[in-house]
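As a plain string of letters, each chain reads:
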Amino acid sequence: PTGLLVANDNSRKRAITAMQRFRRAKRSNLMILASDARFFPSFRKRFCGYKLKFDKILCDVPCSGDGTLRKGQAVWKAWKLEEGLTIHKLQLRILIRGLQMLKPG
């Protein structure tokens, strides 16, 4: 396969697990990072200085938990609207950063 697959997880432990799984698949065109997606680093083309953009970006953002309320009363009691709204802000910041790194079109 051509191109580069970049995977990122905020958790260093999960990033290491992903690296171990991909190592077994013997993918040489893979880069795994452990970074806060809101502040994901830009990649620059060597010697040219311009920022590289991605063809496709998939953001698996943290969920607010409101979809799991049907699972039990304990979840109902623990869930707070403020937490859901805080997660929504985080989701938007990750989306915005993803859009900044995406090629036009």
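Position numbers for residues count from 1 along each chain, tracking the sequence in the order it is written. In keeping with the predicted nature of the model, local features appear solely for residues at pLDDT of at least 70, side-chain atom pairs appear and are counted solely at 80 or more, and the whole-chain, interface and lining totals rest on all residues. Based on all heavy atoms of the structure, the side-chain values leave hydrogens and waters out of the count.

**Student:** Just to check I follow, could you spell out the overall build of the protein for this structure?
**Tutor:** The helix and strand labels rest on DSSP assignments: H or I over at least four residues marks a helix, E over at least two residues marks a strand, and numbering proceeds from the N terminus. The helix and strand inventory of the protein stands at three helices and two strands. Considering the protein as a whole, with its 105 residues, one finds that 12% of them fall into the buried category. The long-range fraction of contacts in the protein, counting pairs at least 24 apart against all pairs at least 6 apart in sequence, stands at 64%. Total accessible area on the protein stands at roughly 8,800 Å², and carbon and sulfur atoms take up 57% of it. Think of it in three bands: residues with accessible area under 20% of the maximum for their type are buried, residues over 50% are exposed, and the middle band is partly exposed, with areas taken using a 1.4 Å probe on protein chains only. In this analysis, two residues are considered to be in contact whenever any of their non-hydrogen atoms come within 4.5 Å of each other. What sets the accessible areas is the Shrake-Rupley method with a 1.4 Å probe; for residues, cover comes only from the shown protein chains.

**Student:** Sorry if this is basic, but what is going on with the pattern of salt bridges here?
**Tutor:** Two side chains with opposite charge may pair up if their charged atoms get near one another. When a carboxyl oxygen of Asp or Glu lies within 4 Å of a side-chain nitrogen of Lys or Arg, that pair is called a salt bridge. In this structure the tally under the stated criterion is three salt bridges. With its nearest N and O atoms 2.9 Å apart, the salt bridge here joins Asp9 to Arg14. In this structure, Lys103 and Asp55 form a salt bridge, with 2.8 Å as the shortest nitrogen-oxygen distance. You can see Lys103 sitting in the segment after α3 (81–100) and its partner Asp55 sitting in the loop between β2 (30–33) and α2 (73–78), a full 48 residues away along the chain.

**Student:** Explain the side chain of Ser35 to me, please; I cannot follow it from the model alone.
**Tutor:** Within the fold, Ser35 resides in the loop between β2 and α2. Excluding anything up to four places from it in sequence, Ser35 contacts Asn8, Asp9, Asn10, Phe40 and Pro41.

**Student:** Even after reading the chapter, I still don't get the environment of Phe22, so can you show me in this structure?
**Tutor:** Secondary-structure assignment places Phe22 in helix α1 (residues 12–25). Each C-alpha atom of the pair Phe22 and Ile32 lies 9.5 Å from the other, and the pair is ten residues apart in sequence.

**Student:** Just checking my understanding: could you explain α3 for this structure?
**Tutor:** Helical geometry: 3.6 residues make up each α-helical turn, so side chains three or four residues apart lie on a common side. For α3, spanning 20 residues, the distance from its first C-alpha to its last is 29 Å, which sits close to the expected 28 Å at 1.5 Å a residue. Among the residues of α3, those classed as buried are Gly84, Ile94, Arg97 and Gly98. Projection of α3 onto a plane perpendicular to its axis shows the buried side chains occupying an angular sector of 140°, all on one side. Residues of α3 that are exposed and point more than 90 degrees away from the buried face comprise Leu81, Glu82, Thr86, Lys89 and Leu99. How far a helix is expected to stretch is found by multiplying one less than its residue total by 1.5 Å. Taken from the helix axis, the directions to the C-beta atoms give the arc we talk about.

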